[in-house]
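The primary structure of each chain is shown beneath.
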Amino acid sequence: MNTILVVEDDLDIRELERYTLENNGYAVLQAEHGKQALEVLSSESVDLIILDMMMPVMDGLSLIKTLRFVMNDTTPIIVVSAKGDESDIITALELGADDYVTKPFSMNVLNSKIRAVLRRSDQVQSPSVVHHAGLVMDQSRHLCLVDNEEVELTATEFSLLYLLAGNAEQVFTRNQMITRIKGSDYPVTDRSIDVQVATIRRKLGAYGSRIKTVWGIGYSYKEN
């Protein structure tokens, strides 16, 4: 049985989610805000987090940042929020959320997204290390080294580079890149991918030239 943590300050919405999820066979834990969620996660193992954005004490974005960049926690996160602007959605996803549902929402839609995210999570391979000359990427520790110097990457940047370097010489379209990492419903533009790749190249320094642009198609990772 999968365990889901519902982080929501609105009691009515939280109870609706709890009731529906339990009726669909999930075990449910609850928290009213991000700080309480961290307390729950310190003692409980969960398979997925349903997360509101606008909460007191610690909001949703702060919790995502803490989980992904401080704790290196890869637990799947589905945001359920009244903030539906494209910029809000993209910010949450690029910080490391796995999907986004806008309030008001259908529980049928949320259940469908939960199944999809859990399915993708189950398909993830065992943590492994990608090693190409001076570049080392340790997926289990979210660690990227260039000539033994650590390179700080966001969750999305790490996933993009890991995909490319882990499949050296293979050409990926922008759509393939984002689908492999976030799923087919990820709301992103070609320009967003280009910006991410440009940032990765800059952070890698001389090694950034190994990420090759395949004009009219996408990107690939070359040894030299």
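What counts and what doesn't
- Residues numbered from 1 in each chain as written.
- Predicted model: local features only at pLDDT ≥ 70, side-chain atom pairs only at ≥ 80, totals over all residues.
- Heavy atoms only, no water.
- Core = buried A, V, L, I, M, F, W, Y, C linked by side-chain atoms within 4.5 Å.
- Buried < 20%, exposed > 50% of the residue type's maximum accessible area, 1.4 Å probe, protein only.
- Helix = DSSP H or I, 4+ residues; strand = E, 2+ residues; numbered from the N terminus.
- Contact = heavy atoms within 4.5 Å.
- Phe/Tyr/Trp six-rings, centres within 6.5 Å; stacked < 30°, edge-to-face > 60°.
- Pairing = 2+ DSSP bridges.

## Describing the nonpolar core
- One finds L135, M137, C144, L161, M177, L204 and I211 to be the most contacted residues of the largest nonpolar core, which totals 26 residues.
- Of all the secondary-structure elements, those providing two or more residues to this core are β7 (135-138), β8 (143-146), α6 (155-166), α7 (174-182), α8 (190-204) and β12 (218-221).
- Ignoring sequence-local partners within four residues, the contact set of I211 consists of L161, L164, V197, I200, R201, L204, Y219, S220 and Y221.
- V46, I64, V79 and A97 belong to the second largest nonpolar core, which has 23 residues in total.

## A word on the packing of aromatic side chains
- A complete count under the given rule lists 1 aromatic pair for this structure.
- Centre to centre, the rings of F158 and Y162 are 6.1 Å apart; their planes meet at 15°, and the pair counts as stacked. Within this pair, F158 and its partner Y162 are both found in helix α6, separated by 4 residues, close to a single helical turn. As far as burial versus exposure is concerned, F158 and Y162 are alike and both buried.

## Details of the sheet that holds strand β11 (residues 211-214)
- One open sheet accounts for 3 strands, arranged β10-β12-β11; its pairing is antiparallel. Strands at the two margins of the open sheet, each flanked by one partner only, are β10 (172-173) and β11.
- Two elements, β11 and β12, share 4 bridges in a ladder whose sense is antiparallel. Residue pairing in the sheet places K212 in a bridge with S220 of β12.

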